[in-house]
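# Notes for the structure review
Single-letter residue listing:
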Amino acid sequence: MKFDVLTLFPEMFEPVKQSILGRAIEKKLIEVNLINIRDFSKDKHKKVDDTPYGGGAGMIMKPDVVYDAYKSIEHENAKVIYLSPQGHTLNQKIVERLSKENHLILLCGHYEGIDQRVLDKIVDEEISIGDYVLTGGEIPAMVLIDSVSRYVEGVLKQNSTQEESFSNGLLEYPQYTRPEVFEGESVPDILLTGHHQNIEKWRDEKSIEMTKKKRPDLLKNKQSKY
Ligand code: 4GN
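Residues numbered from 1 in each chain as written. Predicted model: local features only at pLDDT ≥ 70, side-chain atom pairs only at ≥ 80, totals over all residues. Heavy atoms only, no water.

## As for the overall build of the chain
Where we set the bar: A helix here means a DSSP run of H or I that spans at least four residues, while a strand means a run of E at least two residues long, and both kinds are numbered starting from the N terminus. The buried label applies to any residue whose accessible area, calculated with a 1.4 Å probe on protein chains only, is under 20% of its type's maximum; exposed applies above 50%, and partly exposed to all values in between. A contact between two residues is defined here by any heavy atoms of the two lying within 4.5 Å. Methods summary: accessible areas were calculated by the Shrake-Rupley approach with a probe of 1.4 Å, and residue burial reflects only the protein chains presented. Charged residues are defined narrowly, with Lys and Arg counted positive, Asp and Glu counted negative, and His plus the chain ends left uncounted. Here the site of a charge means atom NZ of a Lys, CZ of an Arg, CG of an Asp or CD of a Glu.
Along the backbone of the chain there are eight helices and nine strands. Here the chain, with 226 residues, has 39% of them falling under the buried criterion. Sequence separation of 24 or more characterises 75% of the internal contacts of the chain that already satisfy a separation of 6 or more. Working note: accessible area of the chain is about 14,200 Å², and carbon and sulfur atoms make up 48% of it. Seen as two clouds, the 31 positive and the 37 negative side-chain charges of the chain have centres 2 Å apart.

See below:
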């Protein structure tokens, strides 16, 4: 999977070079290519934004500069995603669908936004990571890279994406590790029995119980199954 990121702040993407994603990059399972939009300013002052037509606060990113940055990447067969509070809210279903693409171009806005004409020209899909406003699309782009990369073959050990929260539409069951007694609290007996079928049944029941208690909204769309 290749991620091309169009941003004014490529330095903000250091976190994706750590831990599991860092290893995935080293193993060439994913590629994160950062394109600095400012490099495409023709202006001698490297200007990338300007005041809004019609007046108002803040600055708007210039369409020609963003377009030139986009054209500099090989974009045939790539899907262009604009991270914005106006997009469709990201969820595990969307993450799974996007993981089937080979090449995603992530467009990060900053300041008050990007001129609408270039968005209309190049954006295939607008995605939000939740109903709140951030100073830029960089953190949402990293959220998308992280969540999508987990579905790329070889990035995670075993089949961890199959078992986890949301893959079945439910929350994950509680997990325990040593010591067997912590501050007077024991690990549930069933987990020490070695009875795999019973353990699986207990975990399924816990998943449903946790979901009912913490996220009943997730059960609403599941038609009587639980
Ligand atoms: C995305 C971008 C929030 C989200 C953003 C989100 C930058 N804030 N909820 N801020 O996913 C104007 C230009 C605001 C882009 C945008």
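From this point, the narrative continues.
## Details of a nonpolar patch on the surface
The test is simple: Within this analysis, patches are made of residues with over 30% relative accessible area and no salt bridge. Like charges are joined at 9 Å or less; nonpolar side chains (Val, Leu, Ile, Met, Phe, Trp, Tyr) at 5 Å or less. Here, a salt bridge means any side-chain nitrogen of Lys or Arg that lies within 4 Å of a carboxyl oxygen of Asp or Glu.
Residues Met 12, Tyr 132, Leu 134, Ile 139 and Val 143 make up a contiguous nonpolar surface patch of roughly 410 Å² in combined accessible area. Along the chain, Tyr 132 turns up in the loop between strand E7 (125-128) and helix H5 (138-149).

## Section: unusual backbone geometry
For the bond from Arg 178 to Pro 179, the omega torsion is 10°, close enough to zero to count as cis. When you line up the elements, Pro 179 lands in the loop between helix H6 (160-163) and strand E8 (181-182). Unusually for a residue other than glycine, Asn 77 sits at a positive phi of about 65°. Looking at the element boundaries, Asn 77 is found in the loop between helix H2 (63-71) and strand E5 (79-89). Among the residues examined, Asn 77 registers a relative accessible area of 72% and is labelled exposed. Its identity as a non-glycine residue notwithstanding, Tyr 111 has a phi of 60°, on the positive side. In this structure, Tyr 111 sits in the loop between strand E6 (103-108) and helix H4 (116-122).

These results come straight from atomic positions and should not be treated as a statement about function.
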